[in-house]
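An overview of the molecular structure
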Amino acid sequence: MAAEKILMLGANGQIGTVLARALREKFGVESVITSDLREPDQQSGPHEILNVLDSDGLKSLIDKYQVTQIYHLAAILSARGEKDPMNTWKINMDGLMNVLNAGVEKKITRVFYPSTIAIFGPSTPKKMTPQESSFIPTTVYGISKLAAENWCNYYHKRYGLDVRSVRYPGVVGWQSEAGGGTTDYAVEIFHEALKHKKYTCFLEADTRLPMIYMDDCIRATVELMDAESDKLTVRTSYNLAGMSFTPAELASEIKKHIPGFEIQYVPDFRQAIAASWSESIDDSIARKDWDWKPEFDLERLTKDMLDHLR
Ligand code: SER
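Quantities reported herein were computed from a predicted structural model and do not represent experimental measurements. (Residues numbered from 1 in each chain as written. Predicted model: local features only at pLDDT ≥ 70, side-chain atom pairs only at ≥ 80, totals over all residues. Heavy atoms only, no water.)

Considerations on the site of the ligand
To keep things clear, this is the line we draw: Residues are labelled near a given molecule or strand when at least one of their non-hydrogen atoms is within 4 Å of it. The term polar contact refers here to a pair of N or O atoms within 3.5 Å; inside protein, the definition further demands a hydrogen-donor-capable atom paired with an acceptor-capable atom, and it admits residues adjacent in sequence only when both atoms are side-chain atoms. Residue-level accessible areas treat just the shown protein chains as cover; the underlying method is Shrake-Rupley with a 1.4 Å probe. Amino acids are sorted into nonpolar (Ala, Val, Leu, Ile, Met, Phe, Trp, Tyr, Cys and Pro), charged (Asp, Glu, Lys and Arg) and polar (every other residue, Gly among them).
Surrounding the ligand, one finds L77, S78, T116, Y141, G181, T182, T183 and W277. The contact in question runs from an oxygen atom of the ligand to an N or O atom on the side chain of T116, over 2.6 Å. Taking 230 Å² as the accessible area of the ligand by itself, protein coverage stands at 93%. Broken down by class, the residue content of the shell around the ligand amounts to three nonpolar, five polar and no charged.

Structure follows, in structure tokens:
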């Protein structure tokens, strides 16, 4: 463990910002090299400018820092991805293939790759969605992540590359902004509630989606990456559950802390995306294989968000 050198791609995003800090606490500041298209807002350790489409640039960073593990977080998410499907496909797929190929060539010992609830579609069972089922995604982001899961599995089987992945639900946290996703409302609502005591939601009141608090999201990622390889029976991507709630339920929980808070609903194109996803997830395989267990429910999430943002 002592000699791990971690390279994180797409580290300026909602999850990367927080995950990089957690990994730096665990492995040491200099053992985690973050990278993104730009400098981070707040530098917490070594950072490099890297476009995930630049496979030579990626390989030379691996050599420069003698990288042993890669966390590949760079992607265009569900809502933004629909604005330019071909570009989304290119960034999401070519970025992954560059990582997988560099991983094999440079003998990277572990790779982390995030998948998503966006791989689910209208034909997928909505409640307690099982690990394997009918997955026909409606967004190019979902299509790319579903293909990516299969590529991860393929590289593990064919080349022995130790790729690990979870299907993240919508992630809610106070530390960073969400960007380009359909679940972003659940982060924005807190900022607006504190600033203006009101929020206009782009999803309908009763749209139930699987969500996870940032603390659980980070812990799931770290625990999966710490697990012994032979315990992992899923090499596509693990179902992962935190909690499930609707905008109306979240709003009423916020109202308990901010009594005058008001929400109105003006659904846009993101409503159809959300409606094609699951309401809840069966993550029993993650629980069995690497002892996954979420800690945050809606009540605790709401209180913790408000405590920190205040
Ligand atoms: N949070 C993501 C999105 O909304 C789902 O992975 O696009």
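So much for the structure itself; the text now carries on.
Focus on the layout of surface pockets
Using a probe with the size of a water molecule, rolled over the atoms, empty space left in the structure can be pinpointed. Using the following cut-off: Grid points spaced at 1 Å and placed over the protein atoms alone form the basis of the search, with a cavity being a set where a 1.4 Å probe fits but cannot get out and a pocket an open set showing protein on both sides within 12 Å along at least five of seven lines. Lining residues have an atom within 4 Å of a point. Grid points are joined across faces, edges and corners, and a volume is the space filled by probe spheres set on the points. Each helix corresponds to a stretch of at least 4 residues labelled H or I by DSSP, and each strand to a stretch of at least 2 residues labelled E; elements are numbered beginning at the N terminus.
The volume enclosed by the second largest pocket comes to roughly 160 Å³. If you trace the second largest pocket, you find it lined by V18, R21, A22, E25, W174, Q175, D215, I218 and R219. With four residues, helix α1 (residues 14–27) is the largest single contributor of residues to the lining of the second largest pocket. A class-by-class count of the residues in the lining of the second largest pocket yields four nonpolar, one polar and four charged.

Notes on empty space enclosed by the protein
Taken as a whole and judged by the stated rule, the model has one cavity of 30 Å³ or more. The calculated volume of the largest cavity comes to roughly 50 Å³. The wall of the largest cavity is formed by ten residues, among which F27, Q69, Y71, M225 and D226 lie closest to the centre. Grouping the constituent residues of the lining of the largest cavity by class yields six nonpolar, one polar and three charged.

Quick look at the side chain of D184
Note the following rule: Exposure is judged per residue with a 1.4 Å probe applied to protein chains only, and the accessible area is read against the type maximum: over 50% gives exposed, under 20% gives buried, and values in between give partly exposed. Positive charges come from Lys and Arg alone, negative charges from Asp and Glu alone, with His and the N- and C-terminal ends not counted. Salt bridges, as used here, are contacts in which a Lys or Arg side-chain nitrogen is within 4 Å of a carboxyl oxygen on Asp or Glu. Contacts were defined at the residue level, with two residues in contact if any of their heavy atoms lie within 4.5 Å.
The residue D184 is located in the loop between β7 (170–172) and α6 (185–196) in this model. No salt bridge is formed by the buried D184; the nearest opposite charge belongs to R270, separated by 5.7 Å. Beyond its immediate chain neighbours, meaning those up to four positions away, D184 contacts A178, G179 and F202.

Re the sheet that holds strand β9 (residues 209–213)
We apply this condition: Criterion used throughout: strands pair if DSSP finds at least two bridges between them. Think of each axis as a best-fit line through the C-alpha atoms, taken over the contacting stretch in the case of a helix, with angles from 0 to 180 degrees between the N-to-C directions.
The three strands are arranged β7-β9-β11 in an open sheet whose pairing can be described as mixed. Bordering the open sheet on either side are β7 and β11 (243–245), each of which pairs with just one other strand. Averaged over all neighbouring strand pairs, the angle between strand axes comes to 45°, with direction disregarded.

Observations regarding the nonpolar core
Note the cut-off: Nine residue types can take part in a nonpolar core, namely buried Ala, Val, Leu, Ile, Met, Phe, Trp, Tyr and Cys, and a core is a set of them joined through side-chain atoms within 4.5 Å.
One finds V172, Y185, F190, L250, F261 and L301 to be the most contacted residues of the largest nonpolar core, which totals 39 residues. For this core, the secondary-structure elements that each account for two or more residues are α5 (140–159), α6, β8 (198–201), β9, β11, α8 (247–257), α9 (270–275) and α11 (298–309). The element that contributes the greatest number of residues to this core is α6, accounting for six residues. Residue contacts for L301: discarding those within four places in its chain leaves V172, F190, Y213, M243, L250 and F296.

A closer look at the packing of α6 against α8
Rules: Every angle not falling under 35 degrees, over 145, or within 65 to 115 is termed oblique; those three ranges are roughly parallel, roughly antiparallel and roughly perpendicular. Should the near helix be turned anticlockwise from the far one by less than a right angle, the crossing is left-handed, and should it be turned clockwise, the crossing is right-handed.
Put simply, α6 and α8 touch, their axes get as near as 11 Å, and they point 30° apart. With respect to α8, the axis of α6 lies roughly parallel. Note that α6 runs across α8; the crossing there is right-handed. Residue-level contacts link Y185, A186, I189, F190 and A193 of α6 to P247, L250 and I254 of α8. Per-class residue counts for the contact of α6 with α8 are eight nonpolar, no polar and no charged.

Quick notes on the sheet that holds strand β10 (residues 238–239)
Ordered by their spatial adjacency, seven strands build an open sheet running β3-β2-β1-β4-β5-β6-β10, and the pairing between neighbours is parallel. The sheet is open, and its two edges are formed by β3 (47–49) and β10, each paired on a single side. Strand contacts of helix α2 (residues 55–65): β1 (6–9), β2 (32–36), β3 and β4 (69–72), with the helix running at about 155° to β1, the strand carrying the most contacts. The strands touched by helix α7 (residues 214–226) are β4, β5 (110–116), β6 (163–168) and β10; relative to β6, the strand with the most contacts, the crossing angle is about 155°.

Describing the pairing of β2
Most of β2 sits inside the fold, with five of its five residues counted as buried. Neither face of β2 is open: one carries V32, T34 and D36, the other I33 and S35, and all of them are buried. Relative to β2, β1 runs parallel, the two being bridged by four bridges. Considered in β2, the bridge of I6 is made with V32. Inspection of the sheet shows β2 paired to β3 by three bridges, in the parallel sense.

With respect to the pairing of β1
Across a regular strand the side chains alternate sides, sitting on one face of the sheet and then on the other. The cut-off we apply is this: When the strands point away from the viewer, a crossover counts as right-handed if the path from the first strand over the helix to the second runs clockwise.
Along β1, one buried face is formed by I6 and M8 and the opposite face, lined by L7 and L9, is buried too. This β-α-β element, β1 to α1 to β2, shows right-handed connectivity. Across four bridges, β1 lies against β4 in parallel orientation. Directly across from M8, in β4, lies its bridge partner Y71.

Geometry only, nothing functional implied.
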